[in-house]
Amino acid sequence: KLYRRQGRLDEAQKVLEQALKVKADDADLYDSLGTVFAQANDLPKAEGYLQRALKIRPEFPEARNNLGLLYTILGNTQKAIAQFQECIRVAPDFDQPYLNLANLYYQTNQKAKAQAILRALLEQHPDHPLAKKQLEALSQ
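Residues numbered from 1 in each chain as written. Predicted model: local features only at pLDDT ≥ 70, side-chain atom pairs only at ≥ 80, totals over all residues. Heavy atoms only, no water.

Draft legend 1. Spotlight on the packing of helix α4 (residues 43–56) against helix α5 (residues 61–74). The contact between α4 and α5 brings their axes to 9 Å, and the two run at 155°. One way to sum up the angle between α4 and α5 is to call them roughly antiparallel. Every pair of crossing elements has a handedness; the one defined by α4 and α5 is left-handed. Counted together, Leu43, Ala46, Glu47, Leu50, Gln51, Ala53 and Leu54 of α4 and Ala63, Arg64, Asn66, Leu67, Leu70, Tyr71, Ile73 and Leu74 of α5 form the full contact between these two elements. (Axes fitted to C-alpha atoms, helices over the stretch in contact; angles between N-to-C directions. Helix = DSSP H or I, 4+ residues; strand = E, 2+ residues; numbered from the N terminus. Parallel < 35°, antiparallel > 145°, perpendicular 65-115°, else oblique. Left-handed = near helix turned anticlockwise from the far one by under 90°. Contact = heavy atoms within 4.5 Å.)

Okay, here's the thing in structure tokens:
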């Protein structure tokens, strides 16, 4: 993760690929590699690795959220929405898919749906500052 945060994507990729040789069934490694490839703008490879992570661990919220983000980048709104919704279903306490889904709804001119998702997040986390801020902005 350090290499990835530093933008040293080639090094991150090499380390993760070496780790996969040792632990070929580690969903976290596939998720991390998917993220590296997404950052490197190799979106088909990113999708493959994220899907592999979910094949190993179907209820892996971070990987599912990352796949939703990837589909958003690819412009596949329906697939993105499905991933975020499934992520919320399997991990209702995880705030990122709510925020990402609300943003996607907002970007596609579905303000009421965005507001509903933010309210659902606030039911889980009543003091969530970003959800409060975004809901307030959408209500104006």
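Next comes the rest of the account.
Draft legend 2. Layout of the packing of aromatic side chains. Taken as a whole and judged by the stated rule, the model has two aromatic pairs. Taken together through their ring pairs, the aromatic side chains of Tyr30, Phe37 and Tyr49 make up a single cluster. One Lys or Arg, Arg57, reaches over the ring of Phe60 and ends 3.9 Å from the middle of that ring. (Phe/Tyr/Trp six-rings, centres within 6.5 Å; stacked < 30°, edge-to-face > 60°. Lys NZ or Arg CZ within 6 Å of the ring centre and 35° of its normal.)

Draft legend 3. Here's a closer look at helix α8 (residues 111–124). Between the first and last C-alpha of α8 there are 20 Å, a value that for 14 residues agrees with the 20 Å anticipated at 1.5 Å per step. Along α8, the residues classified as buried are Ala114, Gln115, Ile117, Leu118, Leu121 and Leu122. Seen along its axis, α8 keeps its buried residues to an arc of 160°; they face one direction. In α8, those exposed residues whose orientation departs by more than 90 degrees from the buried face are Ala112 and Glu123. (Expected span 1.5 Å × (residues − 1). Buried < 20%, exposed > 50% of the residue type's maximum accessible area, 1.4 Å probe, protein only. Arc of directions from axis to C-beta.)

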